[in-house]
Amino acid sequence: MTSTMALRTRVFAALLKLSEKGIEDVVDLPAHRAKRAKLQRTLGGRFVFGRADASAVVEEITVGNGSRALLNRPPDAIAPLPCVINFHGGGWVQGNPEQSQWMASRIAVRNRAVVISPTYALAPEQPFPAGVEDCRATLEWVVSHADELGIDPQRIAVMGDSGGGNLAAVLALLARDAGGPELRAQVLIYPGTEMYDRWPSEDRHADAPVLTSRNMRAFARLYMGDRYGDEDFRASPIRAASHAGLPKTFILTAELDPLLDNGARYRDALVADGVPVRYVEYDGAIHGFMSLPGVVPVAKRALDDIVDFLALTL
């Protein structure tokens with residue numbers, strides 16, 4: 001499995017295996033989240049997760065149902081600007097907007113767009129569909145506050161990685177079904193699109209770095225709580241009755257990721273329903289690589305690809 005991994009990715013994976021407890025073995029989740037957030041702020045953490053683009057203008061705002069969000073905008077920008085709402089990963093159980101700042105700030109600067117990265121309700125304290133409802137409230141809030149945010153409400157994209165990619169995909173379906181707000185694009189980065197079925201990439205990479213098969217199953221149970229087994233498309237967007245009418249889509253997957261087939265099969269479902277899809281599988285990449293630019297070199301190429309896609313669609 002490690003043959004195509006960059007050396008620094010292999011070293012990171014080995015260190016992670018020694019130090020990190022799988023989510024299925026975590027007893028105190030709030031303490032676990034706090035430890036992860038503290039680690040992000042260390043010198044080593046800033047190397048692994050990458051630093052924000054120094055030229056981006058960053059502020060903390062409150063959106064939606066009272067969610068905290070990081071707002072990134074390009075310097076000396078003239079409103080109204082396009083907007084990207086970016087949902088962080090973490091299996092619906094952990095994670096924060098800060099872990100996406102390397103990517104979000106660069107997209108803001110290079111696409112001359114406002115990038116808003118919100119928090120949302122995390123399980124198991126607030127299980128499905130609380131996170132979905134928070135994300136939906138954020139989208140509606142952004143559209144209704146377009147003037148004060150300096151954005152064009154006709155030029156909005158949703159983006160997310162892993163669990164956040166799941167939420168972005170769900171949001172695009174909900175917006176379509178509600179007749180708006182109309183989205184220009186969705187960027188789904190190694191998204192989770194199916195809650196229960198087991199596909200070949202999960203067996204191929206069952207013990208992969210960052211995300212294992214056991215982790216995947218634990219995240220699903222924590223997120224769904226008492227509703228585990230519910231086939232609602234808001235949990236598994238691939239189960240939507242139709243994917244027709246969704247916005248232009250870019251799906252990014254990682255070669256060495258148990259979730260690879262979640263992205264590939266979602267691409268197939270969208271294409272079958274006539275949605276324009278760009279799809280790229282990144283060689284040597286592991287799950288979470290867009291939050292790990294310091295240890296996964298291909299993250300920089302993937303960022304270029306996202307910037308190019310948004311330049312064409314926004």
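These numbers come from a predicted model, not from an experiment.

Parameters at a glance
Residues numbered from 1 in each chain as written. Predicted model: local features only at pLDDT ≥ 70, side-chain atom pairs only at ≥ 80, totals over all residues. Heavy atoms only, no water. Buried < 20%, exposed > 50% of the residue type's maximum accessible area, 1.4 Å probe, protein only. Helix = DSSP H or I, 4+ residues; strand = E, 2+ residues; numbered from the N terminus. Pairing = 2+ DSSP bridges. Right-handed = clockwise from strand over helix to strand, strands pointing away. Expected span 1.5 Å × (residues − 1). Contact = heavy atoms within 4.5 Å. Core = buried A, V, L, I, M, F, W, Y, C linked by side-chain atoms within 4.5 Å. Axes fitted to C-alpha atoms, helices over the stretch in contact; angles between N-to-C directions. Polar contact = N/O pair within 3.5 Å; in protein donor to acceptor, adjacent residues only side chain to side chain. Parallel < 35°, antiparallel > 145°, perpendicular 65-115°, else oblique. Left-handed = near helix turned anticlockwise from the far one by under 90°.

Asks: Any chance you could explain the pairing of strand S5 (residues 151-161) here in plain terms?
Replies: On a regular strand, one side chain projects to one face of the sheet and the next to the other, so that they alternate. Here S5 lies mainly inside the structure; eight of its eleven residues are buried. Note: strand S3 (residues 81-87) against S5, six bridges, orientation parallel. Within S5, the position partnered with Leu 81 by the bridge is Ile 151. Alignment of S5 against strand S6 (residues 185-189), held across five bridges, turns out to be parallel. Along S6, the bridge assignment pairs Ala 157 with Ala 185. In terms of handedness, the path from S5 via helix H7 (residues 163-177) over to S6 forms a crossover that is right-handed.

Asks: What's the story with helix H10 (residues 260-272) in this structure? I'm lost.
Replies: Side chains that are three or four residues apart share a direction in an α-helix, a result of its 3.6 residues per turn. Its 13 residues give H10 an end-to-end C-alpha distance of 19 Å, which sits within 8% of 18 Å, the value for a rise of 1.5 Å per residue. For H10, the full list of buried residues reads Leu 260, Asp 261, Asn 262, Gly 263, Ala 264, Tyr 266, Ala 269 and Leu 270. If you follow the buried residues of H10, they end up packed against H7, S6, helix H8 (200-204), strand S7 (248-254) and strand S8 (277-282). After H10 finishes, the residue Gly 274 shows a positive phi value of roughly 85°.

Asks: Explain the nonpolar core to me, please; I cannot follow it from the model alone.
Replies: One recurring pattern in soluble globular proteins: nonpolar side chains tend to sit buried together. One finds Val 142, Tyr 223 and Tyr 266 to be the most contacted residues of the largest nonpolar core, which totals 60 residues. Counting residues per element, this core draws most heavily on H7, which supplies nine residues. Contacts of Tyr 223, omitting those with residues within four sequence positions, involve Trp 92, Ala 123, Pro 127, Phe 128, Val 132, Leu 167 and Met 195. Grouped together as the second largest cluster of nonpolar side chains are 40 residues, Val 187, Ile 286, Val 295 and Ala 302 included.

Asks: When you look at H7 in this model, what are you seeing that I'm missing?
Replies: Taking 1.5 Å per residue, 15 residues should reach 21 Å; H7 reaches 21 Å between its end C-alpha atoms and fits that length. In terms of burial, H7 is largely enclosed, as 13 of its 15 residues are buried. Once H7 ends, the next one or two residues include Gly 179, with phi positive near 75°.

Asks: Just checking my understanding: could you explain the sheet that holds S5 for this structure?
Replies: The strands that make up a sheet are held in pairs by hydrogen bonds between backbone atoms, and each pair lies either parallel or antiparallel. With mixed pairing, eight strands are arranged side by side in an open sheet as S1-S2-S4-S3-S5-S6-S7-S8. At either margin of the open sheet sits one strand with a lone partner, and together these are strand S1 (57-63) and S8. Here the average twist between neighbouring strands, direction ignored, is 20°. Relative to S7, S6 runs parallel, the two being bridged by five bridges. Bridge pairing links Leu 188 to Ile 251 in S7. Contacting S1, strand S2 (67-73), S3, strand S4 (114-118), S5 and S6, helix H4 (residues 101-111) runs over the sheet at an angle of about 45° to S2.

Asks: So what exactly am I meant to see when it comes to the pairing of S1 here?
Replies: Two elements, S1 and S2, share seven bridges in a ladder whose sense is antiparallel. For Ile 61, the partnering residue across the bridge sits in S2 and is Ala 69. In this antiparallel pair of consecutive strands, S1 and S2, the connection spans three residues, and Gly 64 shows a positive phi of 55°.

Asks: I keep staring at the environment of Asp 152 and nothing clicks. Help me out?
Replies: With respect to the element layout, Asp 152 can be found in strand S5. For the pair Asp 152 and Leu 312, spaced 160 residues apart in sequence, the C-alpha to C-alpha distance is 16 Å. Leave out the neighbours within four places in its chain, and Asp 152 touches Pro 80 and Leu 81. Looking at Asp 152, its side chain comes within polar contact range of the main-chain nitrogen of Gln 154, at 2.8 Å.

Asks: Explanation requested: the packing of helix H5 (residues 130-144) against H7 in the structure shown.
Replies: Describing two packed helices takes the angle between their axes plus the distance from one axis to the other. As a packed pair, H5 and H7 sit with axes 10 Å apart at the nearest point and diverge in direction by 60°. The angle between H5 and H7 falls in the class oblique. Crossing of H5 over H7 shows right-handed handedness. Residues Gly 131, Val 132, Cys 135, Arg 136 and Leu 139 of H5 touch H7, and the partners they reach there are Leu 167, Val 170, Leu 171, Leu 174 and Ala 175.

All we've got here are geometric facts, nothing functional implied.
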